[in-house]
Amino acid sequence: MRRVLLGLLVLVLAYFAVSTTLVARWMGKDERPRVDAIVVRGAAQYDGRPSAIYQARLEHAVDLWSDGVAPLLVFTGGKERGDRFTEGGSGARWALEQGVPASAVLAEEKSRTTYQNLAGAKRALERRDPDGGRRRIVIVSDPFHMFRAVRQAADLGMDAYPSPTRTSPLSASRLKLAELVLREDLAIAGYLLSGAGK
């Protein structure tokens, strides 16, 4: 029994070593090829006003759009119980207020998880252009999300590239960042074990 427990401990430690290395490595990646769309992961909104975390993502996404990375912005995310507005809808309205034309904006407003964000974005793009084929996207979120988000997009049949925001309040504290990386390690494990998006 002792050997079994020791073996399990070694496996768990090895998993966290590998997953933390992957998360940390992907945090530093920022790829901006010309793609079909920029997909923005939702975050908290307060009565239609993006939180500071969400606004950092929105600002980065609009900068990418302005630089010609993609002709479309896809804002994702549903709403919590009691909310009047969705994350995706709030992001889309914010972009329109910054001068992005309506023709360049799509909103996915039902998802709650990273996997659902990406699946919903794919459906929205397919509805817009049913013959578009394999989708190429740039994903905008916080740095620690990049490995899992790109992996999940690939599992959904999309070619995805990471472009994290560097101005999020979540990146300000090293202690907070370490906690978020640990949570990301657990989310990756949950996804790999169950195939369900977290």
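Below, the structure is looked at part by part. The structure presented is a predicted model; accordingly, all values stated were derived computationally and were not measured.

The next thing to look at is the sheet that holds strand 7 (residues 159–162). Taken in spatial order, the five strands line up as 5-4-1-6-7 in an open sheet, and their pairing is parallel. Lying at the two open borders of the sheet, with one neighbouring strand each, are strand 5 (105–108) and strand 7. This sheet shows a mean twist of 25 degrees between the axes of neighbouring strands, independent of strand direction. In terms of strand pairing, strand 4 (residues 73–76) meets strand 5 through four bridges, oriented parallel. Bridge pairing links leucine 73 to valine 105 in strand 5. This element, helix 4 (residues 114–128), spans strand 1 (37–40), strand 4, strand 5 and strand 6 (136–140) of the sheet and lies at about 135 degrees to strand 5. Packing against the sheet, helix 5 (residues 146–155) makes contact with strand 6 and strand 7, and its axis sits at approximately 155 degrees to strand 6.

It is worth spelling out a nonpolar patch on the surface at this point. On the surface, Met1, Val4, Leu5, Leu8 and Leu11 cluster together into a nonpolar patch covering about 570 Å² of accessible area. With respect to the secondary-structure elements, valine 4 resides in helix 1 (residues 2–27).

A few words now on the pairing of strand 7. As judged from the four bridges shared by strand 6 and strand 7, these two strands associate in the parallel manner. Within strand 7, the position partnered with valine 138 by the bridge is tyrosine 161.

Before going further, it helps to examine empty space enclosed by the protein. Taken as a whole and assessed by the stated rule, the structure comprises one cavity of 30 Å³ or more. Considering only enclosed or pocket space, the largest cavity measures out at about 30 Å³ in volume. For the largest cavity, the full set of lining residues is Phe147, Arg148, Arg151, Gln152, Ile188, Tyr191 and Leu192. Of all the secondary structure elements, the ones that give two or more residues to the lining of the largest cavity are helix 5 and helix 6 (174–194). Broken down by element, the residue count for the lining of the largest cavity peaks at four residues, all from helix 5.

Attention now moves to the pattern of salt bridges. On inspection of all chains with the given rule, the structure shows nine salt bridges. The residue arginine 32 makes a salt bridge to aspartate 30 at a minimum N-O spacing of 3.0 Å. Put simply, glutamate 184 and arginine 148 hold a salt bridge, and the shortest N to O gap is 2.6 Å. Pair noted here: glutamate 184 is in helix 6 and arginine 148 is in helix 5, with a separation of 36 residues, a long-range link. Neither residue differs from the other here; glutamate 184 and arginine 148 are each classed as buried. Through salt bridges with shared partners, a single network forms among Glu80, Glu87 and Arg112.

This next bit is on the layout of surface pockets. Of the volumes computed, that of the largest pocket is approximately 550 Å³. Around the largest pocket, the lining is made up of 28 residues, and of these Arg41, Gly42, Arg57, His145 and Arg183 lie nearest the centre. Those elements that place two or more of their residues in the lining of the largest pocket are helix 2 (52–66), helix 4 and helix 6. Along the lines of polarity and charge, the residues of the lining of the largest pocket split into seven nonpolar, nine polar and 12 charged.

Once that is clear, we can look at the pairing of strand 6. For strand 6, the buried fraction is high: four of the five residues fall into the buried class. Taken together, strand 6, helix 5 and strand 7 constitute a β-α-β crossover, and its handedness is right-handed.

Take the packing of helix 1 against helix 6 next. Between helix 1 and helix 6, the least distance of the axes is 9 Å, while the angle of their chain directions is 115 degrees. Of the two elements, helix 1 crosses helix 6, and the hand of that crossing is right-handed. On the side of helix 1, the interface is formed by Tyr15, Phe16, Ser19, Thr20, Val23 and Met27, while helix 6 contributes Leu177, Val181, Leu182, Glu184, Asp185, Leu186, Ile188 and Ala189. In terms of residue class, the contact of helix 1 with helix 6 is made up of 10 nonpolar, two polar and two charged.

We now examine unusual backbone geometry. Phi is positive for aspartate 47, which is not a glycine, with a value near 55 degrees. Note that aspartate 47 resides in the loop between strand 2 (45–46) and strand 3 (49–50).

Quick notes on the rules
Residues numbered from 1 in each chain as written. Predicted model: local features only at pLDDT ≥ 70, side-chain atom pairs only at ≥ 80, totals over all residues. Heavy atoms only, no water. Pairing = 2+ DSSP bridges. Helix = DSSP H or I, 4+ residues; strand = E, 2+ residues; numbered from the N terminus. Axes fitted to C-alpha atoms, helices over the stretch in contact; angles between N-to-C directions. Contact = heavy atoms within 4.5 Å. Patch = residues over 30% accessible without salt bridge, like charges linked within 9 Å, V, L, I, M, F, W, Y side chains within 5 Å. Areas by Shrake-Rupley, 256 points an atom, 1.4 Å probe, with all protein chains shown as cover. Salt bridge = Lys/Arg side-chain N within 4 Å of Asp/Glu carboxyl O. 1 Å grid on protein atoms, 1.4 Å probe; cavity = no way out; pocket = protein on both sides within 12 Å on 5 of 7 lines; lining within 4 Å. Points joined across faces, edges and corners; volume = space filled by probe spheres on them. Buried < 20%, exposed > 50% of the residue type's maximum accessible area, 1.4 Å probe, protein only. Nonpolar A, V, L, I, M, F, W, Y, C, P; charged D, E, K, R; others polar. Right-handed = clockwise from strand over helix to strand, strands pointing away. Left-handed = near helix turned anticlockwise from the far one by under 90°.

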